[in-house]
Amino acid sequence: MNNRVAYLISKRLSAEISENESRELNDWLANDPSLFETINLLEIAWKNQDVSFERDEARVKKLMERLRLGEYGIHAGNDLPEQGRKPLILSLKWWAAAAAVLAVLAFSFWKIADFSLKSEEKVMVKKGQEQNQVATRPGNRTHIELKDGTRVWLNADSKLTYKDFDNNATREVSLEGEAFFEIESNPDRPFIIKTEKARIKVTGTTLNVRDYPGERKAETSLLTGKAEVYEAEAPDKVYYLKPNEKVVFTEKSSGADIPGALAANPSPKPNLLKSEITPLKVDAIDNLLIETAWVHDQLAFFDESFREVADKMEKWYGVNIVFAYEELEDLRFSGKFKDESLTDALTALQFASPFQFETKNKTIIITKK
């Protein structure tokens, strides 16, 4: 983060920002939308006083020393970033705000996206000599910290499988479902994420990966750092992601998408992929990234098909959604839900496009109106 921006954010959190500084910060935001996510996290942490230093005192002391030395773009002593040396007296409240900036930059979603589980039955952990496994059920989420310091947030109906990293040259995990990774940096030991459709290679970064078995789309969304994404079935194809970009792999039918293929192959393969790199999507109301809204306990979607929205709802609410008419799957929706029940969410969608739904146990049937 730019030195000046970190300083201005600290001033904003401590309510000591001047009118000119506020305009300057807004200009930075206009030119770099990725800052919305960081500032939103910081404001949540500051508002709820949810930046916890008790968990790792030694680590925090080290971070505070870096703060004093001017690392992370937050300067202490007699420096005002990017404005030359001049005497500077900052309030204790500003120092607390600066510490909050540092803590969120260092620990990111540690406490802010803290998923508390109502019972141990909702997360299954298996340990053995060969591998460890963490799995969540539909309707529930959790997070874990790996031995190398990497933190992983696991979305509903997902499974993470991994070996201990002690003696391995690379750090490798397998994912079924969706997870947000805050990967501990180690350029000498790459971190590999394997999914059904992709292989993702990073060293230290934050990213979101979604690849549910049975879903046609798989996404790798990069927030910070760099990432190399390979197609699982075509490892020679590599996609280089920059911050605020995602690569989307979509299954396509060879018969439906390739002229003449159906005649040559009456049983078209569904696992051929088409791919595209697109910018991450920012919600206009609260500036949260759509791709990582679930980390903030929000179900969000932007210009997605009803089938894609239904896929998310199935995991979120722990139900099965069936379409009585295939054409209904192609309806497009944008929206965001937090505390709404499934009935309330579907009722809200009805205002955008006409359809009906009925509930039978845990199965939702979508029909024409």
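Chemist: Any chance you could explain the overall build of the protein here in plain terms?
Modeler: The helix and strand inventory of the protein stands at 9 helices and 19 strands. Each of the 369 residues in the protein was classed as buried or not, and the buried ones make up 46%. Of the contacts made within the protein by residues no fewer than 6 positions apart, 51% connect residues no fewer than 24 positions apart. When the accessible area of the protein is evaluated, it comes to approximately 19,200 Å², of which 48% is carbon and sulfur surface.

Chemist: Could you clarify how one ought to interpret the nonpolar core in this entry?
Modeler: Core analysis: the biggest nonpolar cluster contains 28 residues, and L160, V173, F181, F191 and I193 have the highest contact counts within it. Ranked by residues supplied to this core, first place goes to strand β6 (residues 171–182) with 4 residues. Contacts of L160, omitting those with residues within four sequence positions, involve N132, Q133, V134, I144, V152, L154, V173, S174, L175 and F181. Core analysis: the second largest hydrophobic core is formed by 27 residues, L289, V295, V309 and A345 among them.

Chemist: Would you take a moment to explain the packing of aromatic side chains for this structure?
Modeler: The relative placement of two aromatic rings is captured by the distance of their centres and the angle of their planes. For the structure on display, the rule yields 8 aromatic pairs. Here a set of aromatic residues connected by ring pairs shows up, and it is made of F306, F323, F333 and F355. Stacked on the ring of Y212, the Lys or Arg K315 has its end atom at 4.5 Å from the ring centre. The aromatic ring of Y325 is capped on one face by K368, whose charged end is 4.6 Å from the ring centroid.

Chemist: What should I look at first to understand the sheet that holds strand β18 (residues 356–360) in this one?
Modeler: Strand pairing in a sheet is mediated by backbone hydrogen bonds. Such pairs are either parallel or antiparallel. What the 3 strands build is an open sheet, ordered β16-β19-β18; its pairing is mixed. Every other strand in the sheet has two partners, leaving β16 (320–323) and β18 as the edge strands with one partner each. Strand-to-strand, the axes of this sheet are offset by a mean angle of 25°, without reference to chain direction. Alignment of β16 against strand β19 (residues 363–367), held across 4 bridges, turns out to be parallel. Across the sheet, residue N320 finds its bridge partner in β19, namely T363. Where helix α8 (residues 306–317) meets the sheet, its contacts fall on β16 and β19, and the angle it forms with β16 comes to roughly 160°. Along the sheet, helix α9 (residues 342–350) makes contact with β18 and β19, crossing β18 at roughly 165°.

Chemist: Sorry if this is basic, but what is going on with the pattern of salt bridges here?
Modeler: Any two side chains of opposite charge can pair, on the condition that their charged atoms come close. Enumeration over the complete set of coordinates arrives at 20 salt bridges. With a shortest N-O distance of 2.5 Å, E182 and R151 are connected by a salt bridge. With a gap of 31 residues between them, E182 in strand β6 and R151 in strand β4 (residues 151–154) connect regions that are remote in the sequence. When sorted by exposure, E182 lands in the same class as R151, which is buried. With a shortest N-O distance of 3.4 Å, K246 and E219 are connected by a salt bridge. Linking K246 in strand β13 (residues 245–252) with E219 in strand β10 (residues 217–224), this pair joins segments that are 27 residues apart in sequence. In the salt-bridge network here, residues are joined through shared partners; they are E178, R210, E215 and K315.

Chemist: Quick question: what am I supposed to make of α8 here?
Modeler: Because each turn of an α-helix spans 3.6 residues, side chains separated by three or four positions end up pointing in the same direction. In this model, α8 (12 residues) spans 16 Å end to end at C-alpha, consistent with the 16 Å of a helix rising 1.5 Å per residue. Judged by how many residues are buried, α8 sits mostly within the fold: 10 of 12 residues are covered. Among all positions of α8, only F306, E308, V309, A310, D311, K312, M313, E314, K315 and W316 are buried.

Chemist: For this particular structure, what's the right way to read α9?
Modeler: Taken residue by residue, α9 has L342, A345, L346 and L349 as its buried positions. For α9, the arc enclosing every buried residue in end-on projection is 95°, short of the 170-degree limit, so these residues lie on one face. Taken together, the buried residues of α9 touch β15 (299–305), α8, β17 (332–337), β18 and β19.

Chemist: What should I look at first to understand the side chain of E291 in this one?
Modeler: Relative to the helices and strands, E291 is located in the loop between β14 (272–279) and β15. Look at E291 and you get buried, because its relative accessible area is 7%. Among the polar contacts listed, one links the side chain of E291 to the side chain of K246, at a separation of 3.0 Å. Contact partners of E291, with chain neighbours within four places excluded, come to E178, N208, E219, S221, K246, P279, L280 and K281.

Chemist: What exactly am I supposed to notice about the pairing of β18 here?
Modeler: Across a regular strand the side chains alternate sides, sitting on one face of the sheet and then on the other. Here β18 pairs with β19 via 5 bridges, running antiparallel. If you follow Q356 over to β19, its bridge partner there is T367.

Chemist: Help me out: how do you make sense of the confidence of the model for the protein in this one?
Modeler: A low pLDDT score tells you not to read the predicted coordinates there in detail. When pLDDT is averaged along the protein, the result is 75; 64% of the residues meet or exceed 70. Confidence drops under pLDDT 50 across residues 66–91; counting only partners more than four residues distant or on other chains, this segment forms 43 contacts. This stretch, residues 254–270, has a pLDDT under 50; its non-local contacts, to residues over four places away or in other chains, come to 17 contacts.

Chemist: Which parts of the structure should I look at to understand the packing of α8 against α9?
Modeler: Two packed helices can be described by the angle between their axes and the distance between those axes. Following both chains from N to C, one finds α8 and α9 inclined at 165°, their axes separated by 12 Å at the closest point. When the interaxial angle is binned, α8 and α9 end up roughly antiparallel. Crossing of α8 against α9: the hand is right-handed. Only L342, A345, L346 and L349 of α9 make contact with α8, whose side of the interface consists of F306, V309, M313 and Y317. By residue class, the composition of the contact of α8 with α9 is 8 nonpolar, no polar and no charged.

Conventions and cut-offs
- Residues numbered from 1 in each chain as written.
- Predicted model: local features only at pLDDT ≥ 70, side-chain atom pairs only at ≥ 80, totals over all residues.
- Heavy atoms only, no water.
- Helix = DSSP H or I, 4+ residues; strand = E, 2+ residues; numbered from the N terminus.
- Buried < 20%, exposed > 50% of the residue type's maximum accessible area, 1.4 Å probe, protein only.
- Contact = heavy atoms within 4.5 Å.
- Areas by Shrake-Rupley, 256 points an atom, 1.4 Å probe, with all protein chains shown as cover.
- Core = buried A, V, L, I, M, F, W, Y, C linked by side-chain atoms within 4.5 Å.
- Phe/Tyr/Trp six-rings, centres within 6.5 Å; stacked < 30°, edge-to-face > 60°.
- Lys NZ or Arg CZ within 6 Å of the ring centre and 35° of its normal.
- Pairing = 2+ DSSP bridges.
- Axes fitted to C-alpha atoms, helices over the stretch in contact; angles between N-to-C directions.
- Salt bridge = Lys/Arg side-chain N within 4 Å of Asp/Glu carboxyl O.
- Expected span 1.5 Å × (residues − 1).
- Arc of directions from axis to C-beta.
- Polar contact = N/O pair within 3.5 Å; in protein donor to acceptor, adjacent residues only side chain to side chain.
- pLDDT = per-residue confidence, 0-100.
- Parallel < 35°, antiparallel > 145°, perpendicular 65-115°, else oblique.
- Left-handed = near helix turned anticlockwise from the far one by under 90°.
- Nonpolar A, V, L, I, M, F, W, Y, C, P; charged D, E, K, R; others polar.

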